[in-house]
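Single-letter residue listing:
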2 protein chains.
Amino acid sequence: MTHNTFALKGTICFSTAPDTIQFHEDSWLVCENGKCAGIFSELPEKYSRIPCRDTNHCMIIPGLTDLHLHAPQYTYRGTGMDLELLEWLNTYTFPEESKYRDLTYAQPAYSIFVNDLKKSATTRASIFATVHVEATELLMDLLEDTGLKTFVGKVNMDRNGSVQLQEADAKASASDTRRWIRNIQGRYKNTKPILTPRFTPSCTDELMRELSCIQQEYHLPVQSHLSENPGEIAWVQELYPNTHFYGEAYDQFGLFGGDGCPTIMAHCVYSSDEEIALIKKRGVYIAHCPQSNTNIASGIAPVRRYLNEGLHIGLGSDIAGGSSLSILRAMSDAVQVSKLRWRLTDSTLRPLSLEEVFYMATLGGGSFFGKVGSFEEGYEFDAVILDDQNLPHPQKLSSRDRLERLIYLADDRNITGKYVAGQKLF
Amino acid sequence: MTHNTFALKGTICFSTAPDTIQFHEDSWLVCENGKCAGIFSELPEKYSRIPCRDTNHCMIIPGLTDLHLHAPQYTYRGTGMDLELLEWLNTYTFPEESKYRDLTYAQPAYSIFVNDLKKSATTRASIFATVHVEATELLMDLLEDTGLKTFVGKVNMDRNGSVQLQEADAKASASDTRRWIRNIQGRYKNTKPILTPRFTPSCTDELMRELSCIQQEYHLPVQSHLSENPGEIAWVQELYPNTHFYGEAYDQFGLFGGDGCPTIMAHCVYSSDEEIALIKKRGVYIAHCPQSNTNIASGIAPVRRYLNEGLHIGLGSDIAGGSSLSILRAMSDAVQVSKLRWRLTDSTLRPLSLEEVFYMATLGGGSFFGKVGSFEEGYEFDAVILDDQNLPHPQKLSSRDRLERLIYLADDRNITGKYVAGQKLF
């Protein structure tokens, strides 16, 4: 057996369906060659000589997936919380992102972000960088070293940004994108490129066509934003008066899921019936970002409906629309906003349960990365150890209560161990 | 000068009005005999010999006030997040609170709560205990030792609770309340009693009349719940068909503010125009508890309106409807839910600003305790030192950005010093 064969002992929890979490108290979770090999109350004889880590009754959960965040915005998380999306982009985001042209700014800024992501419960993430090739490669270098498995996108934008930030034109944007893809070919084991048109208002038709060609040539996945804010949606409708809904603005260029084009669309707060139908048909992943949708006053996505329709859906921190990098926090935020949506706008969609948000944070988003987000046999061994000893209680709690309490109350001090595809990070 | 005369150096911030925070960078804040004595860029000659603490560029803010929380519910914070108010009370709250009859349960449970409250940024709090006299005194003993200044209420409830929890009848409840008040007379310097009818559905008319007599006899302040949840409000209307609004159910017994009866009412999510008018007339304090109103799906209070009307309003954690004890978190929660309210239900009430929630957490709630919540001369010296060094940033932030970031991101590690009425807690 190879070096990444070992066992962890603790209270093991993972989703087996959107409404079910399985708990195995004080059990062994075996990793064999980087994959989950089973859960046992007693360690079988054939594993008697593998290295073991007894977590002393900690919870062990699958690594969490962050389907949507902007690494360069980590610097201003928790500030500038007074504007809506379009003004917020112009006032805070674009000026900040333009600084990443300068690697002496990008280096400390990205180091802070990467260091915090490593300490978090996130093992997989799909990340926006900026338009800058060199800074994007720097970010990828830093992420590669952590052992986290990520998709990273050099952003494309050739219109409606600030002069300081946006690219000269579609040709320049496409050429930089090709240069970036060539530069990094074969460089990484953990870190992969993802095509990243910022959002429809940022990309000319010509650029979208270029990206479509690049997508087909390199078979890259795609990430962008969709139906986040009423003002944004109205603007897209103005830009493409012939489309029936926002998603068509991507789909007309072949950048909206389907075979060979795995796609993540962040937000989907206001997706119409037709848009939802196309999301389903194309297998597009929705990144639900409850804290961001709250902070920039976008609204609350109808997640219950998306789950009912069987769409692919995971959670995103959406730094810095979201101020917290924690996907544990994203879980409690998702429950909370679903309650407000139920109370204030639509009592037919009942609030999300703990089970459902746990599913979204693990299997729901993880499946974008392959067999990720579960401890069933054959899944990649992404595991996080959660220690709740600093949250004392006068009497014994059930495993479900312990998990719920950690989701509402944990910070990085509670995250005491982390493995990605069988590799121990700490 | 006495032993509680000293100076702190740091970036000093405090509200001067609901929409204004004053910042004094790298300045001295002087405490003289437990009161604020001024802010100086250079320490005046007359203070040259007082003890000084240089916080090394930390932020120094007034101590925060938690206007509403339930100490016995701290044990189950962050669990049971799947029910609305009335079911939630019956399923989780009443069974848990009934355990406090047993002091061997209450002792470790309250110790955990008090220890965490001491470490928090809260310097003043108005707290519900349970119906049990002995456990309430135990809680008061523990709180007294921390140096925090609190109001604590033995809860009254003689109907609609569980048999295990509720009091035998109005006479027994009143008699226990009188016994409690007599027992603690003269016992504490920091800890005061507050009359605490749980909420209208928990108290018979006879009990309310008894409490009114006790209030007049001992001149105690009052705390309770008001207009939190649609089901609760409908129930109160059934119980008192002749009242025009929920607040009248308290007012008819003289337990709703006015001269000599300072009163805190938690929530006010659904207060009618008439109720708001009476709240204003009687000078009742509103405890806005955004996280609780979210977690138990109550709704979102129209705080902007209350500020516009000049009502007294502060923030409450409402443990365990709220899962976090942090009033810093309550501030960001208040901003966040106000944005969702603006977006989803009423665009005439614009979202709350950082300045406004900071005001509510300091002066707004603090004034219930006297001259508390400001660093203007003559105010009691409640101060909290916030260290943001563990939140690195690649370039200098403005003081306002630093404060906002701490409000969104701080945990107890960022709270490195605390003073209450001039007494140093740490």
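The structure under discussion appears in the preceding block.
Since this is a predicted model, take the numbers as computed values, not measurements.

All names here are of chain B. Overall, the coordinates contain 34 aromatic pairs over all chains when judged by the stated rule. Considering the side-chain rings of Phe 151 and Phe 369, the 5.2 Å spacing of their centres and the 40° angle between planes classify their relative orientation as tilted. Taken together, the residues span a long stretch of sequence, with Phe 151 in strand β7 (residues 149-153) and Phe 369 in the loop between α12 (354-366) and β15 (383-386) at a distance of 218 residues. Comparing Phe 151 with Phe 369, the two get one shared label, buried.

Turning our eyes to something else, we now look at the interface of chain B and chain A. On the side of chain A, 47 residues touch chain B, which itself brings 47 residues to the contact. Summing the contributions of chain B and of chain A, the shared interface buries around 4200 Å²; its carbon and sulfur component is 56%. Run the count over chain B and chain A and you get six salt bridges. Asp412(A) is the partner of Arg413(B) in a salt bridge, and the nearest nitrogen-oxygen pair spans 3.0 Å. Where chain B touches chain A, the interface holds 24 residue pairs in polar contact (both at pLDDT 80 or more). The set of elements that each furnish at least two residues to the side of chain B that touches chain A consists of α2 (103-119), α9 (290-295), α11 (327-344) and α13 (399-409) of chain B. The dominant element in the side of chain B that touches chain A, judged by the number of residues it contributes, is α11(B), at nine residues.

This paragraph deals with the sheet that holds strand β11 (residues 222-226) of chain A. All names here are of chain A. Pairing is parallel in the open sheet, where four strands are placed in the order β11-β12-β13-β14. Either end of the sheet is taken by a strand with one partner, and the two such strands are β11 and β14 (312-315). Pairwise comparison of adjacent strand axes, ignoring direction, gives a mean angle of 30° for this sheet. Both β11 and strand β12 (residues 263-267) contribute to a ladder of five bridges, which runs parallel. Of the residues in β12, the one forming a bridge with Gln 223 is Ile 264. Packed on one face of the sheet, helix α12 (residues 354-366) meets β13 (285-288) and β14 and runs near 110° to β14.

Turning our attention to empty space enclosed by the protein. Evaluated as defined, the whole model comprises six cavities of 30 Å³ or more. In terms of lining residues, the largest cavity is bounded by 16 residues, among which Asp333(A), Gln336(A), Asp333(B), Gln336(B) and Val337(B) are the most central. For the lining of the largest cavity, the secondary structure elements donating two or more residues are α9 (290-295) and α11 (327-344) of chain A together with α9 and α11 of chain B.

Parameters at a glance
Residues numbered from 1 in each chain as written. Chains lettered and ligands numbered in written order. Predicted model: local features only at pLDDT ≥ 70, side-chain atom pairs only at ≥ 80, totals over all residues. Heavy atoms only, no water. Phe/Tyr/Trp six-rings, centres within 6.5 Å; stacked < 30°, edge-to-face > 60°. Helix = DSSP H or I, 4+ residues; strand = E, 2+ residues; numbered from the N terminus. Buried < 20%, exposed > 50% of the residue type's maximum accessible area, 1.4 Å probe, protein only. Contact = heavy atoms within 4.5 Å. Buried area = accessible area lost by both parts, 1.4 Å probe. Salt bridge = Lys/Arg side-chain N within 4 Å of Asp/Glu carboxyl O. Polar contact = N/O pair within 3.5 Å; in protein donor to acceptor, adjacent residues only side chain to side chain. Pairing = 2+ DSSP bridges. Axes fitted to C-alpha atoms, helices over the stretch in contact; angles between N-to-C directions. 1 Å grid on protein atoms, 1.4 Å probe; cavity = no way out; pocket = protein on both sides within 12 Å on 5 of 7 lines; lining within 4 Å. Points joined across faces, edges and corners; volume = space filled by probe spheres on them.

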